[in-house]
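Residue-level listing of the chains:
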Amino acid sequence: FAIVNMSEIKLQYRGRNGVKTYKVLPHLLGQHKASNSMLLSAFDVTESDEIKHGWKTFIVINIMGVELTEVKFNAPMAGYNKNDSRMKKVLCFISP
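Note that this is a predicted model, so its numbers are computed, not measured.

Procedures and definitions
- Residues numbered from 1 in each chain as written.
- Predicted model: local features only at pLDDT ≥ 70, side-chain atom pairs only at ≥ 80, totals over all residues.
- Heavy atoms only, no water.
- Helix = DSSP H or I, 4+ residues; strand = E, 2+ residues; numbered from the N terminus.
- Rg over C-alpha atoms; globule rule 2.2 N^0.38 Å.
- Buried < 20%, exposed > 50% of the residue type's maximum accessible area, 1.4 Å probe, protein only.
- Contact = heavy atoms within 4.5 Å.
- Areas by Shrake-Rupley, 256 points an atom, 1.4 Å probe, with all protein chains shown as cover.
- Phe/Tyr/Trp six-rings, centres within 6.5 Å; stacked < 30°, edge-to-face > 60°.
- Salt bridge = Lys/Arg side-chain N within 4 Å of Asp/Glu carboxyl O.

Caption draft 1: Representation of the overall build of the protein chain. What the protein chain contains, in helices and strands, is zero helices and six strands. In sequence order, the protein chain lays out its α and β elements as β-β-β-β-β-β. Radius of gyration (C-alpha) of the protein chain: 13 Å, near the 12 Å computed for a compact globule of 96 residues. Seen through its C-alpha atoms, the protein chain measures out along the principal axes to roughly 30 × 30 × 20 Å. Going through the 96 residues of the protein chain one by one, you find that 36% of them count as buried. Considering only residue pairs separated by 6 or more positions, the protein chain has 54% of its internal contacts joining residues 24 or more positions apart. With the model as given, the accessible surface of the protein chain reaches about 6,000 Å², and the carbon-plus-sulfur share is 51%.

Below you can see the structure in the form of structure tokens.
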């Protein structure tokens, strides 16, 4: 839903350094070639000194919670590639 409607989401993600909250613009959901893990490719817009803006890949199983925000975006972010070579199968993506 968030990818197709180009909606910002707020997610809690369990990474190497514990659980952190991110605000991201989701662009692509797919299955990784090597690990078969489901991955979310998103542009991070989190307002934080410890988290840098830019492209991030999230392993879906490590996402602890998701909330839609009221923010919409109207175009893919620079550097977006719907033909991500890391993916065996793409399930959902933004059409540029």
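Caption draft 2: Looking closely at the packing of aromatic side chains. Tallied over the entire structure, the rule returns five aromatic pairs. Note on tyrosine 22 and phenylalanine 58: the rings are 5.2 Å apart at their centroids and 70° apart in plane angle, and the pair reads as edge-to-face. Here phenylalanine 58 lies in strand E4 (residues 54-59) and tyrosine 22 lies in strand E2 (residues 18-32), a separation of 36 residues in the sequence. Here tyrosine 22 matches phenylalanine 58 in class, with each residue buried.

Caption draft 3: Structural context of the pattern of salt bridges. Applying the stated criterion across every chain yields a total of two salt bridges. Among the salt bridges present, the one from arginine 86 reaches aspartate 84, with a minimum N-O distance of 2.6 Å. With a relative accessible area of 34%, arginine 86 lands in the partly exposed category.

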